[in-house]
Amino acid sequence: MDETAQIENFERRIAAGESIEPKDWMPERFRKQLTRMISQHAHSEIVGMLPEGAWITRAPTLRRKITLLAKVQDEGGHGLYLYCAAETLGADRSELIDQLLAGKAKYSSIFNYPTLSWADIGVIGWFVDGAAIVNQTMLAKASYGPYSRAMIRICKEENFHKKQGFEIVATLAAGTPAQHAMVQDAVNRWWWPSLMMFGPHDADSPNSAELKRWGIKRRSNDELRQRFVDMTVPQAQAVNLTLPDPELRYNAATDQWHFGEINWEEFHRVINGDGPCNKERLQARRDAHENGRWVREAAEAYAAKQQRMQAA
Ligand code: BYC
């Protein structure tokens, strides 16, 4: 088959809802886009362990501590599934990690904000995992098999993460006036960065058209952001918290919540390395990588020894 026929065949399979698997023919551009997106997603999971990890030692009860520990470990596991999915496209995991450590790879903007109080842990579960579920439930239907299968497993765990977060929020919101104020403050700080997680407006999203054409993204950035807002506003009302947007109002004609404009200047600053915690996050990953060097070297030496013994 010549390349035009291969592309036609590939697009026909996608249109028929078939899953593309690692050994199937795929356009180089499809491979490149997926490697970009999956590796950014993997980095986000790993860097995403840091803001919440900072509260493991300060969790208010043993039960909260065990739950948070499990959640942060889950994020590490998600990163590993996703690096494996990127490897099925021919990417080299150590190169991907080097790109992250060199500050050349993107990861989700949300993880460049600080966790200032215990209430932030609840709000991250509610907003950040909530936004991730909206996005990843769509990606669970992506046309690339290893990515969509990773998403199905990840979404199951994210649902538990969201519930634990909302339970913390509901408890604090129904607590003392000081606890209510603490959780309201966390909501005020995390709301807008959570909306930024969905990426730029559709008209300003250079990758969306290609990703949609090849069935990787089935919904646009703006559609998913709207879905998240519509889902979250009633949840905030149910626990007597307000969202920090004076323009927020229900539109009966569309049955949707209208919301104000995101600060895109802040978004671009954060994704280009100048958010409140970008430097701290990268330094923490570099330190972890360096501190783990002896483990990698020991594992490699052990594997080499096993190979020598088998060959002898
Ligand atoms: N942050 O053309 P666009 C989690 C970049 S972790 C940073 O719309 P695309 C969790 C974008 O990459 C959840 N960068 O891009 C973990 C592109 O840059 P390049 C993370 C962003 O790919 C721990 C440029 O802007 N989820 O759940 O069509 C604890 C133009 O954008 C962001 C994923 O990674 C951003 N927010 O759409 C708790 C999901 N937005 O590469 C929870 C997978 C945009 O051209 N990824 N950019 O230089 C996606 O769904 C899509 O890649 C995005 C962006 C919606 C993020």
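Shown above is the structure to which this text applies.
Calculation notes
Residues numbered from 1 in each chain as written. Predicted model: local features only at pLDDT ≥ 70, side-chain atom pairs only at ≥ 80, totals over all residues. Heavy atoms only, no water. Helix = DSSP H or I, 4+ residues; strand = E, 2+ residues; numbered from the N terminus. Rg over C-alpha atoms; globule rule 2.2 N^0.38 Å. Contact = heavy atoms within 4.5 Å. Areas by Shrake-Rupley, 256 points an atom, 1.4 Å probe, with all protein chains shown as cover. Lys, Arg positive; Asp, Glu negative; His and termini not counted. Charge placed at Lys NZ, Arg CZ, Asp CG, Glu CD. Near = heavy atom within 4 Å. Polar contact = N/O pair within 3.5 Å; in protein donor to acceptor, adjacent residues only side chain to side chain. 1 Å grid on protein atoms, 1.4 Å probe; cavity = no way out; pocket = protein on both sides within 12 Å on 5 of 7 lines; lining within 4 Å. Sits in = over half its atoms within 2 Å of the grid points. Nonpolar A, V, L, I, M, F, W, Y, C, P; charged D, E, K, R; others polar. Buried < 20%, exposed > 50% of the residue type's maximum accessible area, 1.4 Å probe, protein only. Core = buried A, V, L, I, M, F, W, Y, C linked by side-chain atoms within 4.5 Å. Phe/Tyr/Trp six-rings, centres within 6.5 Å; stacked < 30°, edge-to-face > 60°. Lys NZ or Arg CZ within 6 Å of the ring centre and 35° of its normal.

Asks: Help me out: how do you make sense of the overall build of the chain in this one?
Replies: Counting its regular elements, the chain contains 13 helices and two strands. What you see for the chain is a C-alpha radius of gyration of 21 Å, in line with the 20 Å of a compact globule of 312 residues. Oriented by its inertia axes, the alpha-carbon framework of the chain measures out at about 70 × 50 × 30 Å. Counting only contacts in the chain whose residues sit at least 6 apart along the sequence, the fraction spanning at least 24 positions is 76%. Put simply, the chain shows about 15,700 Å² of open surface, and 55% of that area lies on carbon and sulfur atoms. Each charge class in the chain was averaged separately, 39 positive and 40 negative side chains, and the resulting centres sit 4 Å apart.

Asks: What should I look at first to understand the site of the ligand in this one?
Replies: The environment of the ligand is made up of 37 residues, and the closest members are R36, Q40, K106, S205 and K217. At 2.9 Å from a nitrogen atom of the ligand is found a main-chain nitrogen or oxygen belonging to S109. N221 has a polar side-chain atom sitting 2.9 Å from an oxygen atom of the ligand. For the ligand, the protein covers 91% of the area, taking 1,000 Å² as the surface of the free molecule. Judged by the proximity of its atoms to the pocket grid, the ligand belongs to the largest pocket. Every element with two or more residues in the shell around the ligand is listed here: α2 (28-47), α4 (62-87), α6 (118-139), α7 (145-173), α9 (208-213) and α11 (264-271). Its residues assigned to classes, the shell around the ligand comprises 15 nonpolar, 13 polar and nine charged.

Asks: I tried to follow the environment of R36 on my own but got confused; where do I start?
Replies: Relative to the helices and strands, R36 resides in helix α2. By relative accessible area, R36 is classed as partly exposed at 27%. Setting aside residues no more than four positions away along its own chain, R36 makes contact with N207 and L211.

Asks: Just to check I follow, could you spell out the environment of A102 for this structure?
Replies: By secondary structure assignment, the location of A102 is in the loop between α5 (93-101) and α6. Here A102 falls in the partly exposed class, since its relative accessible area comes to 46%.

Asks: Quick question: what am I supposed to make of the nonpolar core here?
Replies: The nonpolar side chains of a soluble globular protein tend to be buried with one another. By size, the foremost hydrophobic cluster in this structure holds 78 residues, and its most contacted members are F30, I38, F127, Y144, Y147 and W190. Tallying contributions element by element places α6 first for this core, with 12 residues. If we ignore the near neighbours within four places in the chain, the residues touching I38 are L82, A85, A86, L89, Y144 and Y147.

Asks: Before we go on, may I ask you to explain the packing of aromatic side chains in this structure?
Replies: Aromatic ring pairs are described here by two measures, namely the spacing of the ring centres and the angle between the planes. Under the definition given, this model contains 15 aromatic pairs. Between F10 and W214 the ring centres are 6.3 Å apart and the planes differ by 80°, which places this aromatic pair in the edge-to-face class. Linking F10 in helix α1 (residues 3-15) with W214 in the loop between α9 and α10 (221-238), this pair joins segments that are 204 residues apart in sequence. Taken together, the ring pairs in this structure connect W126, F127, F166, W191, F198 and F228 into an aromatic cluster. Above the face of the W55 ring, R58 is positioned so that its terminal group lies 3.9 Å from the ring centre.

Asks: When you look at the side chain of D120 in this model, what are you seeing that I'm missing?
Replies: Summarising the element assignment, D120 is placed in helix α6. D120 sits in the buried class, given a relative accessible area of 0%. Excluding residues that lie within four positions of it along the chain, D120 makes contacts with P114, T115, A186, R189 and W190.

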